[in-house]
Amino acid sequence: MSSSELPKIISVDDHLVEPAHLFEQWLPAKFRYGAPRVERRMISMDTDLFGYEEDPDGMPSDVWVFGKSVYVPRRAVVVLKDVETSAELRDKEPVTFDEMDPACYDPKARMQAMDEQGVEASLGFPSFPRFCGQAFSEETENDRELGVALIRAYNDWQVEEWAGDSGGRLVPVPVVPLWDARLAAEEVRRNASRGVHAVAFSEVVGHLGYPDIHGGNWDPFFAACEETETVVCMHIGSSSLLMPLPPRAPLLLLPVMQFANSYASMADFVFSGVLDRFPRLKLAYSEGQAGWIPYAMERMDHAYAHHTWALGEEKLKEKPSTYVRRNMWGCIFADKHAIASAEHIGVDNLMFEVDFPHSDGPYPHTRSHLADQFAGVDPAVTYRIVRGNAIRLFQLPFDQDLDADGRPLELG
């Protein structure tokens, strides 16, 4: 299948670069005392991708400052304007808004970039407050009224400004208070009432110091998601903790091993009992890839059959693999193994992502990369993974364009 014959992409994982005016415009004046802000600072080049250290002889960057949290945008996670984009040029150098391509932070420019890459719609995860907005919960421990106000303002910006005039092409992924499951449920319902069917959540929320998914603490949140058909989107790294690397291992091992977080989360949900209590709950593993899922299902089924005693008193109602196929979706962008195993995983359980503007994704060669990933694949399978499954799961306002046999009409 050539690039021109491929369906337009519904990217289920991209990233927002929050504009400096966000809280000036969307946070009520009474809470401005605690608002995150953008400051120009000189950043040391001796820090790693996630580090922060000022140096008068360093490089300038427009950083988000929020309590003890400082977020430094770097070349590896943004696209620069008027600069060739390639893996070799995407490194840890800090950048300013002046250097960024406006598609990083401006919705109209983003949609133009999407048009150029054959992307019809895009889900946007946070950047400065981290992937499930955990900074809002961490930095307002002593002022929860401020925390709620910041989360609501952030989500209002996503829904009304970022996505507002996009005709459904820019899809919000709101964040929730992580310190209170009932408040989180209220925010899910508030956003669902205005047509939002996605929410960002931590892959392993217990790592963040909040109650884990065992014991029923999060049941009000899960109930709200099930009731409103809101997809719980868990981006790798949203637990603020990745698998520990071997001593002296290069940082390159992080993107190599990052799927381990998704595997840990998947197994935790399967054996937690959550999916027995909420059988219609939908979980999406963003940027986790999925080629490992067939083995994960096999291993969980085997372990449950041979070590049932280790689960404790409460047993599962179904085989572990049943929950994966019924409740979970894998999100891929470079995973031919997942595509080859689509029938085993579930053709309807895979979706495609671009990861714009991060360096791990295929931009700016999205169409040729897509053609390579799906070379020789049945067009109906391609359509479902690249587009159709996401339209259905997130209830997006785009036609499915399928015939009675599930084949894409636009491809004949």
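Just above, that's the structure.
Rules used in this analysis
- Along every chain, residues carry numbers that run from 1 in the direction the sequence is written.
- Per-residue local features of the predicted model are confined to residues with pLDDT of at least 70, and side-chain atom pairs are confined, for both listing and counting, to 80 or more; whole-chain, interface and lining totals are unaffected and use all residues.
- Calculated side-chain values reflect all of the structure's heavy atoms, with hydrogen atoms and water omitted.
- By the criteria applied, helices consist of DSSP H or I runs no shorter than four residues and strands consist of E runs no shorter than two, each listed in order from the N terminus.
- The buried label applies to any residue whose accessible area, calculated with a 1.4 Å probe on protein chains only, is under 20% of its type's maximum; exposed applies above 50%, and partly exposed to all values in between.
- Throughout, a contact is declared for two residues whenever any of their heavy atoms are within 4.5 Å.
- Residue exposure ignores everything except the shown protein chains as possible cover, and the areas themselves are Shrake-Rupley values with a 1.4 Å probe.
- In this charge count, Lys and Arg are treated as positive and Asp and Glu as negative; neither His nor the chain ends contribute.
- To locate a charge, take NZ of a lysine, CZ of an arginine, CG of an aspartate or CD of a glutamate.
- For helices, the axis comes from a line fit to the C-alpha atoms of the stretch in contact; other axes are also lines fit to C-alpha atoms, and the angle between any two N-to-C directions lies between 0 and 180 degrees.
- If an angle is under 35 degrees, it is roughly parallel; if it is over 145, roughly antiparallel; if it lies from 65 to 115, roughly perpendicular; otherwise it is oblique.
- Handedness of a crossing is defined here by the sense of rotation of the near helix relative to the far one, left-handed for an anticlockwise turn of less than a right angle and right-handed for a clockwise turn.
- Amino acid classes used here: Ala, Val, Leu, Ile, Met, Phe, Trp, Tyr, Cys and Pro are nonpolar; Asp, Glu, Lys and Arg are charged; the rest, including Gly, are polar.
- DSSP-based pairing: two strands are paired if at least 2 bridges between them are found.
- Salt bridge, as used here: a side-chain nitrogen of Lys or Arg that lies within 4 Å of a carboxyl oxygen of Asp or Glu.
- We define the nonpolar core as a collection of buried residues of types Ala, Val, Leu, Ile, Met, Phe, Trp, Tyr and Cys that are connected through side-chain atoms lying within 4.5 Å of one another.

Engineer: Give a detailed account of the overall build of the chain, specifying residues and quantitative values.
Structural biologist: From N to C terminus, the chain includes 15 helices and eleven strands. Counting only residues that meet the buried cut, the chain has 57% of its 412 residues in that class. Contacts spanning at least 24 positions in sequence make up 72% of the contacts within the chain whose residues lie at least 6 apart. A total accessible area of about 17,300 Å² is found for the chain, and carbon and sulfur atoms account for 51% of it. For the chain, the distance from the average site of its 38 positive side-chain charges to the average site of its 64 negative ones is 4 Å.

Engineer: Can you lay out the packing of helix α8 (residues 259-272) against helix α10 (residues 293-306) for me, pointing to particular residues and giving the numbers?
Structural biologist: To describe two helices that pack against each other, one gives the angle between their axes and the distance between the axes. Two elements in contact, α8 and α10, have axes separated by 11 Å at closest approach and are oriented at 40°. Here α8 is positioned oblique relative to α10, judged by the angle of their axes. Considering the relative orientation of α8 and α10, their crossing is right-handed. Together, Y263, M266, A267, V270 and F271 of α8 and I293, Y295, A296, R299, M300 and Y304 of α10 make up the contact between the two elements. Residue classes in the contact of α8 with α10 are distributed as ten nonpolar, no polar and one charged.

Engineer: Any chance you could break down the packing of α8 against helix α11 (residues 320-327) for me, citing the residues and the numbers?
Structural biologist: The geometry of α8 relative to α11 is characterised by a closest axis approach of 10 Å and an angle of 110° between their N-to-C directions. It follows that α8 is roughly perpendicular to α11 by the angle criterion. Judged by the twist between their axes, the crossing of α8 over α11 is right-handed. Contacts between α8 and α11 involve M266, V270 and F271 on the former and, on the latter, P320, Y323 and V324. A breakdown of the residues in the contact of α8 with α11 according to their chemical character gives six nonpolar, no polar and no charged.

Engineer: Could you give me a rundown of the sheet that holds strand β11 (residues 350-352), with the residues and numbers involved?
Structural biologist: Strand order in the open sheet formed by five strands is β7-β8-β9-β10-β11, with parallel pairing between adjacent strands. Two strands lie at the open edges of the sheet, namely β7 (198-200) and β11, each paired on one side alone. Across this sheet, the average inter-strand angle for adjacent strands is 30°, counted without regard to direction. Pairing of strand β10 (residues 328-332) with β11, which is carried by three bridges, proceeds in the parallel orientation.

Engineer: Which residues make up the pattern of salt bridges, and what values do they have?
Structural biologist: Counting across every chain of the model gives 20 salt bridges. Close ionic contact of R189 with E227 constitutes a salt bridge, the shortest N to O distance being 2.8 Å. One end of the pair, R189, is in helix α5 (residues 181-192); the other, E227, is in helix α6 (residues 219-228), with 38 residues separating them in the sequence. The class of R189 is partly exposed, set by a relative accessible area of 34%.

Engineer: Go over the nonpolar core, please, and point to the residues and values.
Structural biologist: Grouped together as the largest cluster of nonpolar side chains are 121 residues, with contacts concentrated most on F23, F221, F222, F269 and F394. Considering each element in turn, this core owes the most residues, eight residues, to helix α4 (residues 144-162). Dropping the residues within four chain positions of it, F222 is found in contact with F201, I213, F269, V274, F278 and L281.

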